[in-house]
Amino acid sequence: MKITLLTGQTFNFNDYFDFEISVVKSPLAKHLTLRIDEKKRRPVLTLPKYCSRTKALKFLEEHRDWIINNLARLPQPKHFVDGAQFEFFGSKYTVQHISELRGVRFENTVLKIGGKPEFLHRRVTDYIKRQALKKLSEMSLAKAKILDCRVVSVKIKDTKSRWGSCSTRGCINYNWRIAMAPADVIEYLVCHEVSHLKHPDHSAAFWQTVRFLCPNYEQSRHWLKIRGKTLYQYV
Ligand SMILES: [Zn+2]
């Protein structure tokens, strides 16, 4: 990332380090701080308002080992290889690669995928996204009907910052990785986004609507907060 200092100078941290660094400038920060963004799998450096380039670089240099060790400790990305198991809307499936097979076939708990092995991961991901869109659309429409609200569109996104969003116009977006969460967590997320059709905020009235649609939502909300990041292993 390119940084413009108060002096007007700009420089790029990535000219100095062989990993991507996110930089946040905070007028409230008193010191330079460093953390690991587990979803984006990269370090985040927070710069206070007045900080020289030399100081920031020295700080990063001093923490180089810390960064490398912490990045290495992150859960390894999951790839859909032959034999890989994954959960989809609460049921367990296994990927089976069959080179001569045309297209994709679901048989019991086996997802059979054809084509070249180097495209296997991409083809499974694409398939999951397509199926997730279908299922999440159906679920959203059903929940919206209960509230007597209209859904204009449902889309699947590859976002690293949120699980879902809902515009005042009625457009709902979901992060595709939610498809690999436990079924009650998916149900909660759908109820959460659909409740935004009625309340665009997180007011008490909003949470009341969520509870009406999904009475035991608290557990799922907690799961998403604490365990949700494990789903970012799916790249
Ligand atoms: Zn919300």
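Residues numbered from 1 in each chain as written. Predicted model: local features only at pLDDT ≥ 70, side-chain atom pairs only at ≥ 80, totals over all residues.

Here we take up the packing of helix H4 (residues 183-195) against helix H6 (residues 217-226). Packing of H4 against H6 leaves a shortest axis separation of 9 Å and a crossing angle of 100°. Here H6 runs roughly perpendicular to H4, going by the angle between their axes. When H4 is examined against H6, the residues Asp184, Val185, Tyr188 and Cys191 are found in contact with a partner set consisting of Tyr217, Ser220, Arg221, Trp223 and Leu224. Looking at side-chain class alone, the contact of H4 with H6 contains 6 nonpolar, 1 polar and 2 charged residues. (Axes fitted to C-alpha atoms, helices over the stretch in contact; angles between N-to-C directions. Helix = DSSP H or I, 4+ residues; strand = E, 2+ residues; numbered from the N terminus. Parallel < 35°, antiparallel > 145°, perpendicular 65-115°, else oblique. Contact = placed C-beta atoms within 7 Å. Nonpolar A, V, L, I, M, F, W, Y, C, P; charged D, E, K, R; others polar.)

This part takes up the environment of Arg105. Locating Arg105 in the fold gives a position in strand S8 (residues 104-107). Between the alpha carbons of Arg105 and Thr159 there is a distance of 27 Å; along the sequence they are 54 residues apart.

Under the domain assignment, the protein is made up of domain 1 (2-72) and domain 2 (85-233). Taking only C-alpha atoms into account, the centre of domain 1 sits 34 Å from that of domain 2. (Domains from an automatic or database assignment.)

When H6 is considered as a whole, its buried residues turn out to be Tyr217, Ser220 and Leu224. Down the axis of H6, the buried set is contained in an arc of 65°. They therefore lie on one face. Facing away from the buried side of H6 by over 90 degrees, the exposed positions are Gln219, Lys225 and Ile226. Next to the buried residues of H6 lie H4 and helix H5 (204-213). (Buried ≥ 20, exposed ≤ 12 C-beta atoms within 10 Å, placed from the backbone. Arc of directions from axis to C-beta.)

A few words now on the sheet that holds strand S3 (residues 22-25). Strand order in the open sheet formed by 3 strands is S3-S5-S4, with mixed pairing between adjacent strands. Edge positions in the open sheet fall to S3 and strand S4 (33-37), since each of these has one partner strand only. Between one strand axis and the next, the sheet turns through 25° on average, direction left out of account. Summarising the sheet, S3 and strand S5 (residues 42-47) pair through 4 bridges and their orientation is parallel. Of the residues in S5, the one forming a bridge with Val24 is Thr46. (Pairing = 2+ DSSP bridges.)

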